[in-house]
Amino acid sequence: MCVAATIPGYHHCCQKLNHRFPASLLSLTFTKTRMVTSGSSSNAGAYTTVKERVIYEKEIKKSKFIAIAGHISNEQSAQSFLSQVRDPRATHNCWAYKVEDQYRCNDDGEPSGTAGKPIHSAIASSGLDRIMVVVVRYFGGIKLGTGGLVRAYGGVTSECLRNAPTVLVKSKVPMGLEVPFELLGVLYHQLQSFQVENIKQDYDTGKDGITMVTFTVDFDKVENLEDAIKATCRRDIVFYKH
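Predicted model only: the values in this text are computed from it and were never measured.

Cut-off values and rules
Residues numbered from 1 in each chain as written. Predicted model: local features only at pLDDT ≥ 70, side-chain atom pairs only at ≥ 80, totals over all residues. Heavy atoms only, no water. Pairing = 2+ DSSP bridges. Helix = DSSP H or I, 4+ residues; strand = E, 2+ residues; numbered from the N terminus. Axes fitted to C-alpha atoms, helices over the stretch in contact; angles between N-to-C directions. Contact = heavy atoms within 4.5 Å. Salt bridge = Lys/Arg side-chain N within 4 Å of Asp/Glu carboxyl O.

Enquirer: Teacher, can you tell me more about the sheet that holds strand β12 (residues 210–218) here?
Expert: Two pairing modes exist for strands in a sheet, parallel and antiparallel, and in both the strands are linked by backbone hydrogen bonds. Taking strand neighbours across the sheet as the criterion, the 4 strands line up as β11-β12-β10-β13 in an open arrangement whose pairing is antiparallel. Edge positions in the sheet fall to β11 (197–202) and β13 (239–241), since each of these pairs with one other strand and no more. Across the sheet, the mean angle separating the axes of adjacent strands is 20 degrees when strand polarity is ignored. Across 9 bridges, strand β10 (residues 172–180) lies against β12 in antiparallel orientation. Bridged to Val173 within β12 is Val217. In the packing of helix α5 (residues 184–193) onto the sheet, contacts are made with β10, β11 and β12, and the angle to β12 comes to roughly 5 degrees. Seen against the sheet, helix α6 (residues 222–232) touches β10, β12 and β13 and runs at an angle of roughly 160 degrees to β13.

Listed below in structure tokens is the structure:
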């Protein structure tokens, strides 16, 4: 669960990371936080996230709630996303983000635990990872109460993510190997068939007739690629992984 820290004019629900958001961005400081572990949607180097920025808008008792979701990779990109989508004219800009097992959430002036926490809960329930949701609220004059706020912030976040196009992202493994010049044609055929990326070649190996080829490949293709190269090139080829 989140730990709430009260700062004059703000209520926060957040998780401790190695670095804090700069005060110049949010004009506030995060304190009294601790590490919190939540379920991660990562699976051995793969995760599902939103394909593009998504916006969902709903009016609840004359208050306008706008949920904006986007892909992030770390705290720095979360800062950038927040600065892009938050509206200083709004009554509240509440948010949460999740990167693997780490997250932060912020109530931005709403009663403690009624905004950031339900936003994060909706993110966790969606199964998506490396994602941030900012819910912008324009107060319409009718108070919703704590229960109403929890339902509102959690609900618009869930609807936003439910309608979002998603994409499966696979981590890339940097690899390299040394091969004789005469086997380069066979090697490149295998590399192309496994859709490797960032292929580079270095002839300065200090070995006559030998070149070093480096590349990156999807984590789940590494074993099959190694088997294919050994079968078509040489069984004694040594692979280097970074």
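Enquirer: Looking at this structure, I do not really get the pattern of salt bridges. What am I missing?
Expert: What the rule picks out here adds up to 14 salt bridges. Note that Asp236 and Arg234 form a salt bridge whose closest N and O atoms lie 3.0 Å from each other. When salt bridges with common partners are traced through the structure, they connect Lys98, Glu100, Asp129 and Arg130 into a single cluster.

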